[in-house]
Amino acid sequence: MTAPHRSTQRIEAYGVRLRPFRLDDVEDVAAGCADPLTQHFLDGLPDPYTEADARLWITQDAPAAFAGGGAAYAVADPTTDRLLGTVGLSHVVPQRGQAEIGYWVAPWARGRGVATAATRALSEHAFATGTARLELLTRVENTASQRVALAAGFRPEGVRRAALAVRGGGRRDRMVWVRLADDPPGPAERPLPDLPDGRLTDGLVVLRRLGPDDNEQMYRLHSDPEVVASRVPPEAPTRDEIERRCHGAESQWLVGSAAAMTILDAASGEFAGSCMLLPDQPASGQAMLGYSLLPGWRGRGYATRAVRLLARWGFDHVGLSRLWAGTLPENAASQRVLQKAGFRREGLLRGRLPGAAGSRADSTVYGLLTTDPLG
């Protein structure tokens, strides 16, 4: 699986150079590993990280990675040869042709595609020397690393619960991204693209991706009695549930499971509500949408405008053919929103939803096709 001379090889591809570490990298390694962002996301680093730690890495730990069948390359600028970060292979399982790839990028090199370039370069080298499967693990909230994985051709494969211990105690989940030797070249396909310019707007309302800063407003929204009544099941969420939802929203978007957005007033930027596109039948080009508003923003047409924006994005940018939404039979206000947006009532599903105290609730179903006119 591995080449015995790998530790002495230099790999130049995609605008970066992978080379062995040298003692003149000590200062840059120390600065990169002492950076707060590196410390936050890279488990197991000494804190504080000193030049003595960097020297130990260069003289002992990096060579040991190669000796164990893995790799620990310095990522360098091919013109100046200055250190930009590191990329390596660990947790090698020769009998399975499998390894784990990981990296970090120095603060002075971020935002230049260094991590993606280094990951692509080492992945292709690993496949050329016998590796069949590479895994890349990320924290759920580390969406920058998830974007690197996608750009380097890795596909989401699931979540390993409590996979790694973290500094300060406790354990955290890790998302698993995988690339196989025979996967097609280039970035992995994303079912849900980013919003154009980061938002959708009709001049009165703005839709943007849900994020960690929306915790408090989302908790207030989903604690409203009318919103709770339409939840499945009709129970108010805890603050922890809302926090996990907000912190995981971008990750869900990247893997294509849901596009959760906030509804904002365009003039003031105030939070008015939230909406979501949920691809429930990707193979048939179908997705469900949902929405809710704070009481002070109801009756102004904001929900209808948000649904129209969401529907047009789903058809024009996601490539959907059909959208649907469900409401409780007694929720006349939500039904009017859907009708104004062009949805047609398609029927009643008896006992479709879990209700309060173990009961079941009916659901009216509304549908919109890409060939239908938007209201």
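Residues numbered from 1 in each chain as written. Predicted model: local features only at pLDDT ≥ 70, side-chain atom pairs only at ≥ 80, totals over all residues. Heavy atoms only, no water.

1. A few points about unusual backbone geometry
Trans is the common state for peptide bonds, and a negative phi is the common state for residues other than glycine.
Move 1: Residues D47 and P48 are joined by a peptide bond in cis, for which omega reads 5°.
Move 2: Of note, P48 is situated in the loop between α2 (36–41) and α3 (51–67).
Move 3: Following V232, the chain continues to P233 via a peptide bond in cis, the omega torsion being -10°.
Move 4: Unusually for a residue other than glycine, H91 sits at a positive phi of about 45°.
Move 5: Counting through the fold element by element, H91 comes out in strand β4 (residues 83–93).
Move 6: According to the relative accessible area criterion, H91 is exposed, its value standing at 58%. (Helix = DSSP H or I, 4+ residues; strand = E, 2+ residues; numbered from the N terminus. Buried < 20%, exposed > 50% of the residue type's maximum accessible area, 1.4 Å probe, protein only.)

2. Quick word on the pairing of strand β5 (residues 98–105)
Move 1: Burial analysis of β5 places seven of its eight residues in the buried class, which makes it a mostly covered element.
Move 2: Sheet analysis places β4 next to β5, joined by seven bridges and oriented antiparallel. Bridging from a neighbouring strand, T86 pairs with W104 of β5.
Move 3: As consecutive antiparallel partners, β4 and β5 are separated by four residues, and within that stretch G97 has a phi angle of approximately 60°, a positive value. (Pairing = 2+ DSSP bridges.)

3. So, the sheet that holds strand β9 (residues 200–201)
Hydrogen bonds between backbone atoms are what pair the strands of a sheet, whose relative direction is either parallel or antiparallel.
Move 1: On the basis of which strands lie adjacent, the open sheet formed by eight strands has the order β9-β10-β11-β12-β13-β14-β16-β15 and mixed pairing. Each edge of the sheet is formed by a strand with only one pairing partner; in this case those strands are β9 and β15 (344–354).
Move 2: Sitting on the sheet, helix α8 (residues 239–255) touches β10 (205–209), β11 (259–265) and β12 (271–281), and the angle it makes with β11 is about 120°. (Contact = heavy atoms within 4.5 Å. Axes fitted to C-alpha atoms, helices over the stretch in contact; angles between N-to-C directions.)

4. Considering the side chain of D35
Move 1: Tracing the backbone shows D35 in the loop between α1 (26–34) and α2.
Move 2: Those residues in contact with D35 that sit more than four places away from it in its chain are P107 and R110.

5. Let's talk about the confidence of the model for the protein
Move 1: Chain-level statistics for the protein give a pLDDT mean of 94 and a share of 98% at 70 or above.
Move 2: Contacts for the low-pLDDT stretch residues 1–5, under 50 throughout, to residues beyond four places or in other chains number 13 contacts. (pLDDT = per-residue confidence, 0-100.)

6. As for the pattern of salt bridges
Move 1: Applying the stated criterion across every chain yields a total of 30 salt bridges.
Move 2: Across the salt bridge formed by R174 and D43, the nearest N and O atoms sit 2.6 Å from each other. Residue R174 is found in strand β8 (residues 171–180), and its partner D43 is found in the loop between α2 and α3; the two are separated by 131 residues along the sequence.
Move 3: Judged by relative accessible area, R174 falls into the buried class, the value being 3%.
Move 4: We classify D43 as partly exposed; its relative accessible area is 32%.
Move 5: Sharing partners across several salt bridges, the network here consists of R10, E12, R17, R19, R22, D24, D25 and D81. (Salt bridge = Lys/Arg side-chain N within 4 Å of Asp/Glu carboxyl O.)

7. Brief notes about helix α10 (residues 332–340)
Move 1: Listing the buried residues of α10 in full gives S334, Q335, V337 and L338. Down the axis of α10, the smallest arc covering the buried residues is 155°, so these residues share one side.
Move 2: Residues of α10 that are buried make contact with β13 (286–293), α9 (302–318), β14 (322–327) and β16 (360–369). (Arc of directions from axis to C-beta.)

8. Here we look at the packing of helix α5 (residues 143–151) against α8
Move 1: Following both chains from N to C, one finds α5 and α8 inclined at 10°, their axes separated by 10 Å at the closest point. Judged by the inter-axis angle, α5 sits roughly parallel to α8. Only E250, S251 and L254 of α8 make contact with α5, whose side of the interface consists of T143, Q146, R147 and L150. (Parallel < 35°, antiparallel > 145°, perpendicular 65-115°, else oblique.)

9. Here's the deal with the sheet that holds strand β6 (residues 133–138)
Move 1: Ordered in space as β1-β2-β3-β4-β5-β6-β8-β7, the eight strands form an open sheet in which the pairing is mixed. Two strands in the sheet have a free side with no partner beyond their single neighbour: β1 (11–13) and β7 (155–165). Sheet twist, expressed as the mean angle between neighbouring strand axes with direction ignored, is 30°.
Move 2: Across three bridges, the pairing between β5 and β6 is parallel. Residue E100 lies in a different strand from β6, and its bridge partner there is E135.

10. Observations concerning the packing of helix α6 (residues 215–222) against α8
Move 1: Packing of α6 against α8 leaves a shortest axis separation of 9 Å and a crossing angle of 125°. By the criterion of interaxial angle, the relationship of α6 to α8 is oblique. Considering only the axes of α6 and α8, their crossing is right-handed. On the side of α6, the interface is formed by N215, E216, M218, Y219 and H222, while α8 contributes R239, I242, E243, R245, C246 and H247.
Move 2: Grouping the amino acids of the contact of α6 with α8 by side-chain chemistry returns four nonpolar, three polar and four charged. (Left-handed = near helix turned anticlockwise from the far one by under 90°. Nonpolar A, V, L, I, M, F, W, Y, C, P; charged D, E, K, R; others polar.)

11. Points about the packing of aromatic side chains
Move 1: A full pass over the atoms with the stated rule returns four aromatic pairs.
Move 2: Their ring planes at 85° and their centres at 5.8 Å tell us that F21 and W57 sit as a pair that is edge-to-face. Of this pair, F21 sits in the loop between β2 (16–19) and α1 while W57 sits in helix α3, and the two are 36 residues apart along the sequence.
Move 3: Overall, the relative accessible area of 12% leaves F21 in the buried class.
Move 4: Plain terms: the ring middles of W253 and W313 are 5.6 Å apart, the flat faces sit at 55° to each other, and that makes the pair tilted. (Phe/Tyr/Trp six-rings, centres within 6.5 Å; stacked < 30°, edge-to-face > 60°.)

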